[in-house]
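Overview (structure and organization)
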Amino acid sequence: MKEDTVKLISAEGFEFVVDKKAAMVSQTIRNMLTSPGSFAETEHGEVTFPEISTPILEKICQYFYWSLQFSSGKETEFHIEPEITLELMMAANYLHT
């Protein structure tokens, strides 16, 4: 895997390979990947989330990219399906996004 990407793994084992810059939108992921020491996340560039389901992690990855676009001045709406709102909010709270 390239150094400028990160692998995020859902509870079901589905893997999302995202740009490291996008993943760093999350304070939690940033801390996991930049902490001193030899943590597996830092060494392998992958983070497993046993509590976050695949559909929610996918939406979070979409949000990371949306957030980068929004911070660069491109204002668009980020649509969230009502049926995933609660689970998404809990995951976003954990990830500090």
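Residues numbered from 1 in each chain as written. Predicted model: local features only at pLDDT ≥ 70, side-chain atom pairs only at ≥ 80, totals over all residues. Heavy atoms only, no water.

In the nomenclature of an unreviewed UniProt entry, the protein corresponds to Elongin-C from the organism Apostasia shenzhenica. Per its UniProt entry, the protein bears the Sequence similarities (unreviewed entry) comment "Belongs to the SKP1 family." Checking UniProt for the protein, the heading Pathway (unreviewed entry) contains the comment "Protein modification; protein ubiquitination." (UniProt positions renumbered as here; feature names shortened; annotations may be inferred.)

1. Remarks on the overall build of the protein
The secondary structure content of the protein amounts to 5 helices and 3 strands. Counting from the amino terminus, the protein carries its helices and strands in the arrangement β-β-α-α-α-β-α-α. Here the C-alpha coordinates of the protein stretch approximately 40 × 30 × 20 Å along the principal axes. Sorting the 97 residues of the protein into buried and exposed places 36% on the buried side. Put simply, the protein shows about 6,200 Å² of open surface, and 54% of that area lies on carbon and sulfur atoms. Computed over 7 positive and 15 negative side-chain charges, the inter-centroid distance for the protein is 9 Å. (Helix = DSSP H or I, 4+ residues; strand = E, 2+ residues; numbered from the N terminus. Buried < 20%, exposed > 50% of the residue type's maximum accessible area, 1.4 Å probe, protein only. Areas by Shrake-Rupley, 256 points an atom, 1.4 Å probe, with all protein chains shown as cover. Lys, Arg positive; Asp, Glu negative; His and termini not counted. Charge placed at Lys NZ, Arg CZ, Asp CG, Glu CD.)

2. Examining the pairing of strand β2 (residues 15–19)
As defined by bridge partners, strand β1 (residues 5–9) adjoins β2 across 5 bridges and the pair is classed as antiparallel. Bridge pairing in β2 links Ile9 to Glu15. With antiparallel pairing between neighbouring strands as the criterion, β1 and β2 make up a hairpin whose turn holds 5 residues, including Gly13 at a positive phi of roughly 90 degrees. (Pairing = 2+ DSSP bridges.)

3. What to know about the confidence of the model for the protein
Scored by pLDDT, the protein has a mean of 90; 95% of the residues are at 70 or more. Mean pLDDT across the secondary structure elements of the protein bottoms out at helix α3 (residues 40–44), with 74, and peaks at β2, with 97. (pLDDT = per-residue confidence, 0-100.)

4. Things to note about the nonpolar core
Residues Leu8, Ile29, Phe49, Ile52, Ile56 and Ile60 are the most contacted members of the largest nonpolar core, which totals 22 residues. Those elements that place two or more of their residues in this core are β1, β2, α1 (20–23), α2 (27–34), α4 (54–71) and α5 (85–95). Per element, the largest residue contribution to this core is 5 residues, and it comes from α4. Setting aside residues no more than four positions away along its own chain, Leu8 makes contact with Phe14, Glu15, Phe16, Val18, Ile29, Val47, Phe49, Leu57, Cys61 and Phe64. (Core = buried A, V, L, I, M, F, W, Y, C linked by side-chain atoms within 4.5 Å. Contact = heavy atoms within 4.5 Å.)

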